[in-house]
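Notes for the structure review
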Amino acid sequence: MGKPTGFLEYERRPIPDRPPLDRVKDWDEIHEHHDEGKIQTQGARCMDCGTPYCHTGMLLGNMASGCPINNLIPEWNDLAYQGRWREALDRLHKTNNFPEFTGRVCPAPCEGSCVLGVIEPPVTIKSIECALIDKGFEEGWVTPQPPAVRTSKKVAVVGSGPAGLAAADQLNKVGHSITVFERADRIGGLLMYGIPNMKLEKNIVQRRVDLMKAEGIEFKTGIEIGKEIPAKQLLDDFDAVILCCGATKPRDLPIDGRDLNGVHFAMELLTRNTQGLLEAKDVTSFDIAAKGKDVVVIGGGDTGTDCVGTSLRHVCKSITQLEIMPKPPLERAPSNPWPEWPKVYELDYGQEEAREVFGSDPRKYLTSTKRFIGDENGNLKALAINEIEWKEDNGQYIPKEVPGSEREIPAQLALLAMGFLGPEDSIANELGLERDARSNIQAEYGKFTTNIEGVFSAGDMRRGQSLVVWAINEGRAAARECDHYLMGVSKLP
Ligand SMILES: Cc1cc2nc3c(=O)[nH]c(=O)nc-3n(C[C@H](O)[C@H](O)[C@H](O)COP(=O)(O)OP(=O)(O)OC[C@H]3O[C@@H](n4cnc5c(N)ncnc54)[C@H](O)[C@@H]3O)c2cc1C
Ligand code: SF4
């Protein structure tokens, strides 16, 4: 612990975001950059407490508490405080293959369980992580490290999101020959075509992919396993297969008017938008674009927030975000104590921008959609919505309509962002993979083996839609199990 009185002397100062009214005019990342001095004083706030929780990665109340990849946070905080940047980065890379992704998009469960958070605002762990890796790239410290020796084993990784990339990176390090198959035209999964530019610029994803290519990993894009190449063929051509295909089936809203023009899944907008930006197109001119429209986003989670941020950058006429749950409390409820993930009201970047542009948080809580209303040409013109209250019924809470609360709100674009139902069926059906009760691939956490020998599964495909940091956790651990399967032992962590 570098500075015993650090947390008494310095206030929490995370890397600031650019002013909302400036950043909605472009697609650049919302974050500013800290100078080294500020990172050092923020590192000095870490108390190196006797029993740190920040790196535990436990599940408490079904939410992550502490870092799911067990980042060695107090160690690199201290090294950052001392300005020993390269050593700090080496410590960070021991547990995290891609700190440039988590340092930008992780919701930082580590900070929710920081011991300092009991009495003071927690240490800015995520900002320090991001600054360390950004400095590492700027200084040229992050270079390709191909393995010295190759084994004769070949592994196919299907899906190139953070789980597939982490698995490929780990297995390549121990010398196996890795081929990553991806059906999209670019590598990265939701890092590329999901999380929008303003949270994670795509050159940052590509930079890591290029590094992995230089280390000898083969990437094959535009190949859907189960379509272009049968999944069974992989079992013949490779010694092991790791399936990391994500949980991409969106939850639909099959109510009246669902088929009207202007009602879309959130991912249709987000994917086309990123694709358009990568191809230098005018994304505001797309038929699905929000420009000049009243936009309603149905769903209050991360995907919904990204739709809000995207619609604002298209210069929508108005934006409303519907959330069926109640507004969270401003402070932790007694039933949600530290070190649990704090379930408190927050303005994420999209809502903060909407408040600056239109004067208020766009979220309407305890609200559900009854039907989509169209005009004579089959185009969406409004939503019928109503307020709800959660009532107990046979031990379960279910939403009940508040009588007389129905009303209409104008909308020419409605975006469904109500979560995901699990992985797609084709590979699972072709290989006869067992599924769990939520339709995810059945592969016990820690082992990651499916019912087919030599076939592993990790990430959202196994655990359901989750977080980048959990995908990295699972990709790394599945790689270790796969290495053990191939070699009889494994020195992977
Ligand atoms: C809009 C949005 C925003 C999000 N924002 C955040 C955030 O801010 N922070 C955070 O931590 N998490 C966020 N998440 C969640 C996070 O992105 C996912 O949990 C994570 O990407 C899962 O990683 P994965 O590798 O398991 O799967 P994915 O990233 O989904 O990657 C799966 C890949 O498999 C490919 N694939 C599927 N089937 C096949 C096949 N048959 N053949 C070949 N390829 C195939 C897909 O094309 C895809 O590229 C967000 C999710 C969404 C949808
Ligand atoms: S990966 Fe996420 S939880 Fe882990 S240290 Fe970084 S910000 Fe915190």
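Coordinates for the structure precede this section.
For every chain, the first residue of its written sequence is number 1, and the numbers climb from 1 along that sequence. To read the labels, note that chains go from A and ligands from 1, taken in the order they are written. For this predicted model, a pLDDT threshold of at least 70 governs which residues receive local features, and a threshold of 80 or more governs which side-chain atom pairs are given and counted, while totals over whole chains, interfaces and linings are taken from all residues. Based on all heavy atoms of the structure, the side-chain values leave hydrogens and waters out of the count.

Working definition: helices are DSSP H or I runs of at least four residues, strands are E runs of at least two. Numbering for both runs from the N terminus. Along the chain, the regular secondary structure elements total 17 helices and 18 strands. Radius of gyration here uses only the C-alpha atoms, and the compact-globule reference equals 2.2 Å multiplied by the residue count raised to the power 0.38. Against the compact-globule benchmark of 23 Å for 493 residues, the chain has a radius of gyration of 23 Å, which places it among compact chains. Per-residue accessibility, obtained with a 1.4 Å probe over protein chains only, is compared with the maximum for each type, and a residue is labelled buried under 20%, exposed over 50%, and partly exposed between these values. Expressed as a percentage of its 493 residues, the buried residues of the chain come to 52%. Here, residues are in contact when the closest pair of their heavy atoms is within 4.5 Å. Residue pairs at least 24 apart in sequence account for 67% of intrachain contacts in the chain once pairs closer than 6 positions are excluded. Total accessible area on the chain is roughly 21,600 Å²; 49% of this is exposed by carbon and sulfur atoms. For the charge count, each Lys or Arg is scored as positive and each Asp or Glu as negative, with His and the chain ends excluded. We put the charge of a Lys on NZ, of an Arg on CZ, of an Asp on CG and of a Glu on CD. Computed over 58 positive and 73 negative side-chain charges, the separation of the two mean positions in the chain equals 1 Å. For every accessible area listed, the method is Shrake-Rupley and the probe measures 1.4 Å; residues are considered covered only by the protein chains on display.

This part covers the packing of aromatic side chains. A pair of Phe, Tyr and Trp rings is counted when the ring centres sit within 6.5 Å of each other, with Trp represented by its six-membered ring. The angle between the planes then sorts it: under 30 degrees is stacked, over 60 is edge-to-face, the rest tilted. This model, assessed by the stated rule, comprises five aromatic pairs. Considering the side-chain rings of Tyr445 and Phe448, the 5.4 Å spacing of their centres and the 70° angle between planes classify their relative orientation as edge-to-face. Note on Phe448: relative accessible area 0%, which makes it buried. Measuring from ring centre to ring centre gives 5.8 Å for Phe456 and Tyr485, while their planes differ by 70°; the resulting arrangement is edge-to-face. Taken together, the residues span a long stretch of sequence, with Phe456 in strand S18 (residues 455–457) and Tyr485 in helix H17 (residues 468–487) at a distance of 29 residues. Taking relative accessible area as the criterion, Tyr485 reaches 35% and is therefore assigned partly exposed.

A separate point is the pairing of strand S10 (residues 318–322). Most of S10 is tucked away, with four of its five residues classed as buried. The rule for pairing is simple: two strands pair if DSSP sees at least two bridges between them. Pairing geometry for S10 and strand S11 (residues 363–364), over two bridges, is parallel. The partner of Leu322 across the bridge, within S11, is Lys364.

To continue, consider the sheet that holds strand S8 (residues 263–265). Working definition: the strands of a sheet are paired by backbone hydrogen bonds and lie parallel or antiparallel to each other. On the basis of which strands lie adjacent, the open sheet formed by five strands has the order S8-S16-S9-S10-S11 and parallel pairing. Looking at which strands have only one partner, the edges of the open sheet turn out to be S8 and S11. The axes used here are C-alpha line fits, helices contributing only the stretch in contact, and every angle between their N-to-C directions lies in the interval 0 to 180 degrees. Contacts from helix H12 (residues 266–278) reach S8 and strand S16 (413–416) within the one sheet, and its direction differs from that of S8 by about 70°. Across the sheet, helix H13 (residues 302–313) touches strand S9 (294–298), S10 and S16, and the angle it forms with S10 is around 175°.

Think of a salt bridge as a Lys or Arg side-chain nitrogen and an Asp or Glu carboxyl oxygen that are within 4 Å of each other. Tallied over the full model, the rule gives 36 salt bridges. Of the charged contacts in the structure, one is a salt bridge between Asp26 and Arg18, with a shortest N-O distance of 2.8 Å. Between Asp425 and Lys249 there is a salt bridge, and its shortest N-O distance comes to 3.3 Å. Taken together, the residues Asp425 in the loop between strand S17 (420–422) and helix H15 (426–431) and Lys249 in strand S7 (residues 249–250) connect sequence positions 176 residues apart. Classification of Asp425 as partly exposed rests on a relative accessible area of 32%. On the accessibility criterion, Lys249 (28% relative accessible area) is partly exposed. Where salt bridges share partners, they join Arg23, Arg313, Glu352 and Glu353 into one cluster.

Attention now moves to the side chain of Thr95. Among the secondary structure elements, Thr95 is positioned in helix H5 (residues 85–95). According to the relative accessible area criterion, Thr95 is buried, its value standing at 12%. Two N or O atoms count as a polar contact when they lie within 3.5 Å, although within protein this holds only if one can serve as hydrogen donor and the other as acceptor, and sequence-adjacent residues are included solely when both atoms are side-chain atoms. At a separation of 2.5 Å, a polar atom in the side chain of Thr95 contacts the side chain of Asn71. Setting aside anything within four residues of it in sequence, one finds Thr95 in contact with Ile69, Asn70, Asn71, Leu72 and Arg476.

Another point: a nonpolar patch on the surface. On the surface, Leu21, Val357 and Phe358 cluster together into a nonpolar patch covering about 240 Å² of accessible area. One can find Leu21 in helix H2 (residues 20–23). Judged by its relative accessible area of 42%, Leu21 is partly exposed. Only residues whose relative accessible area exceeds 30% and that take part in no salt bridge are eligible for patches, with like-charged residues grouped when within 9 Å of each other and nonpolar side chains (Val, Leu, Ile, Met, Phe, Trp, Tyr) grouped when within 5 Å.

The next subject is the sheet that holds strand S3 (residues 154–158). The five strands are arranged S5-S4-S3-S6-S18 in an open sheet whose pairing can be described as parallel. The sheet is open, and its two edges are formed by strand S5 (218–220) and S18, each paired on a single side. Going from strand to strand, the sheet's axes swing by 20° on average, the running direction of each strand aside. Packed onto the sheet, helix H9 (residues 162–173) meets S3, strand S4 (177–181), S5 and strand S6 (240–243) and runs at close to 165° relative to S4. Of the strands in this sheet, S3, S6 and S18 touch H17, which is tilted by about 165° from S6.

With that settled, the discussion passes to the site of ligand 2. Surveying the vicinity of ligand 2 reveals 13 residues, the closest of which are Cys67, Asn71, Cys106, Cys110 and Glu129. Mapped by element, the contributors of at least two residues to the shell around ligand 2 are helix H7 (109–112) and helix H8 (125–138). The element best represented in the shell around ligand 2 is H8, accounting for three residues. Throughout this entry, Asp, Glu, Lys and Arg are counted as charged residues, while Ala, Val, Leu, Ile, Met, Phe, Trp, Tyr, Cys and Pro are counted as nonpolar. The remaining residues, Gly among them, count as polar. A class-by-class count of the residues in the shell around ligand 2 yields nine nonpolar, two polar and two charged. We call a residue near a molecule or strand whenever a single non-hydrogen atom of that residue lies within 4 Å of it.

The full set close to ligand 1 counts 36 residues, and Val105, Glu182, Lys199, Asp460 and Val468 are the nearest of them. Leu190 places a main-chain nitrogen or oxygen 3.0 Å from an oxygen atom of ligand 1. At a separation of 2.9 Å, an oxygen atom of ligand 1 approaches a polar backbone atom of Val468. Relative to its unbound accessible area of 1,000 Å², ligand 1 is 96% covered by the protein chains. At the level of secondary structure, the elements contributing two or more residues to the shell around ligand 1 comprise H9, H12, H13 and H17. Counting residues per element, the shell around ligand 1 draws most heavily on H13, at three residues.

Quantified by volume, the second largest pocket comes out at close to 620 Å³. Here a cavity denotes a set of grid points, spaced 1 Å apart and computed over the protein atoms alone, in which a 1.4 Å probe fits but from which it cannot get out, and a pocket denotes an open set meeting protein on both sides within 12 Å along at least five of seven lines; residues with an atom within 4 Å of a point are reported as lining. For the second largest pocket, the lining is made up of 23 residues, of which His93, Lys94, Gln145, Lys173 and Glu215 are closest to its centre. Ranked by residue count, the leading element in the lining of the second largest pocket is H5, at five residues. When grouped by side-chain class, the residues that make up the lining of the second largest pocket number seven nonpolar, seven polar and nine charged. Grid points are joined across faces, edges and corners, and a volume is the space filled by probe spheres set on the points.

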